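Read off the chains here:
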Amino acid sequence: MGLKLGTAPDSWGVWFADDAKQPPWRQFLDEAALAGYRWIELGPYGYLPTEAAVLRSELEQRRLQVSGTFVMVPLADIPWSELELQLAAVGAQLAALEAQYVVLIDDTYSDLHSGELLTERELDKAGWARLVANVTRAAAFVRERYGLRLVFHPHAETHVEYEPQIERLLADTDPSLVSLCLDVGHHAYRGGDPVAFLRKHFARIGYLHLKSVASTVRLQAGAERLPFAAAVARGIFCEPSAGTVNFPALGALLQEKDYDGFAIVEQDMYPAPFDKPLPIARRTYAYFKDMGLV
């Protein structure tokens, strides 16, 4: 099995390029390496240095490599010219660092903090067609321009969050262009069984995000209709050993299928005290190492 385990700024409470509630970028790099990781995602564009030579030097000092990073935009509404600009900035940075993946995410339909609806929860036929068209065009653009592979990330409180919506996206996109980044935590958050889904759609899943869900908080989030940020602050995403995702079964399936790809540990913790992430990162790395995923 060629699984490459990594982590991301998300596990250090980083959601934005610049925010006083987030740890400095050097702390993230230092602590990711201290925890044992050798692969990282870049996080939101601008959090880490965008000048490739500067960032490459920082990575080499810590023996870190980059798997990819994400772009999160309202895919049914964004004009192609605007999406192209974002993809070009990220794509050039990733290509210069010899990374491989762009993780594309639809933006949330509700305000992260207030829960106020920003757009409809479900797209009409025309809106869905625009989303699919942008996903397809984005995948072709990053492959042809930068030699990168696009993986689409279903995400809670977006237009592709529940299993039927994910199935629809798979049916409406070209397997040679579009694969999935299966975030097992988001999948479980929305009531799915990520292990069963991975088995069913293994051929279309080219990238993994590893996190788990606290069952009690998930029930609270549903009963209280918590906004996404409020659910995260309450601890909806927890350490892998303590949540609902069956990681031993997931690990066994990855071994059975001889998975050859990235599995990036993410534990959304925005905001997080600056001394909180490293002990969690160390425990999580050890947990997956004991499972044979390192």
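Residues numbered from 1 in each chain as written. Predicted model: local features only at pLDDT ≥ 70, side-chain atom pairs only at ≥ 80, totals over all residues. Heavy atoms only, no water.

A. Quick peek at the environment of G206. Locating G206 in the fold gives a position in strand β7 (residues 205-210). Sequence separation between G206 and F262 is 56 residues; the distance between their C-alpha atoms is 7.9 Å. Filtering out sequence-adjacent residues up to four positions away, G206 remains in contact with Y101, S179, L180 and Y259. (Helix = DSSP H or I, 4+ residues; strand = E, 2+ residues; numbered from the N terminus. Contact = heavy atoms within 4.5 Å.)

B. Highlighting the packing of helix α4 (residues 125-146) against helix α5 (residues 163-172). It is the contact of α4 with α5, at a shortest axis distance of 11 Å, that shows an interaxial angle of 60 degrees. Classed by the angle they form, the pair α4 and α5 counts as oblique. Viewed along their axes, α4 and α5 form a crossing whose handedness is right-handed. Here α4 contributes W128, L131 and V132 to the contact with α5, which in turn contributes Q165, R168, L169 and D172. Here the residues of the contact of α4 with α5 sort into 4 nonpolar, 1 polar and 2 charged. (Axes fitted to C-alpha atoms, helices over the stretch in contact; angles between N-to-C directions. Parallel < 35°, antiparallel > 145°, perpendicular 65-115°, else oblique. Left-handed = near helix turned anticlockwise from the far one by under 90°. Nonpolar A, V, L, I, M, F, W, Y, C, P; charged D, E, K, R; others polar.)

C. Representation of the side chain of D268 within the structure. Mapping D268 onto the fold places it in the loop between β10 (262-265) and α11 (277-290). Relative accessible area serves as the criterion here: at 4%, D268 is assigned to the buried category. Side chain to side chain, D268 and K211 meet in a polar contact 3.3 Å long. Setting aside its immediate chain neighbours within four residues, D268 contacts D10, W15, H186, K211, F228, V232 and F237. (Buried < 20%, exposed > 50% of the residue type's maximum accessible area, 1.4 Å probe, protein only. Polar contact = N/O pair within 3.5 Å; in protein donor to acceptor, adjacent residues only side chain to side chain.)

D. Structural detail: α4. When the terminal C-alpha atoms of α4 are compared, their 31 Å separation across 22 residues agrees well with the 32 Å that a helix rising 1.5 Å per residue should span. For α4, the set of buried residues is G127, W128, L131, V132, N134, V135, A138, A139, A140, F141, V142 and Y146. In this structure, the buried residues of α4 make contact with α3 (80-96), β4 (101-106), β5 (149-152), α5 and β6 (178-183). Looking one or two residues beyond α4, the residue adopting positive phi is G147, at roughly 70 degrees. (Expected span 1.5 Å × (residues − 1).)

E. The arrangement of the packing of aromatic side chains in detail. The tally for this structure, following the rule as stated, stands at 19 aromatic pairs. When the centroid spacing of 5.8 Å and the interplanar angle of 80 degrees are considered together, the rings of W80 and F141 count as edge-to-face. Here W80 is found in helix α3, whereas its partner F141 is found in helix α4, with 61 residues between them in sequence. For W80, a relative accessible area of 14% gives the class buried. Residue class for F141 comes out buried when judged on its relative accessible area of 8%. Their ring planes at 55 degrees and their centres at 5.0 Å tell us that Y101 and Y207 sit as a pair that is tilted. With Y101 in strand β4 and Y207 in strand β7, this pair connects stretches of sequence that are 106 residues apart. Each of the two residues, Y101 as well as Y207, counts as buried. What links up through ring pairs into an aromatic cluster is the set W15, F16, Y189, F228, F237 and Y270. Between R190 and the ring centre of Y189, over which it is positioned, the NZ or CZ distance is 5.0 Å. (Phe/Tyr/Trp six-rings, centres within 6.5 Å; stacked < 30°, edge-to-face > 60°. Lys NZ or Arg CZ within 6 Å of the ring centre and 35° of its normal.)

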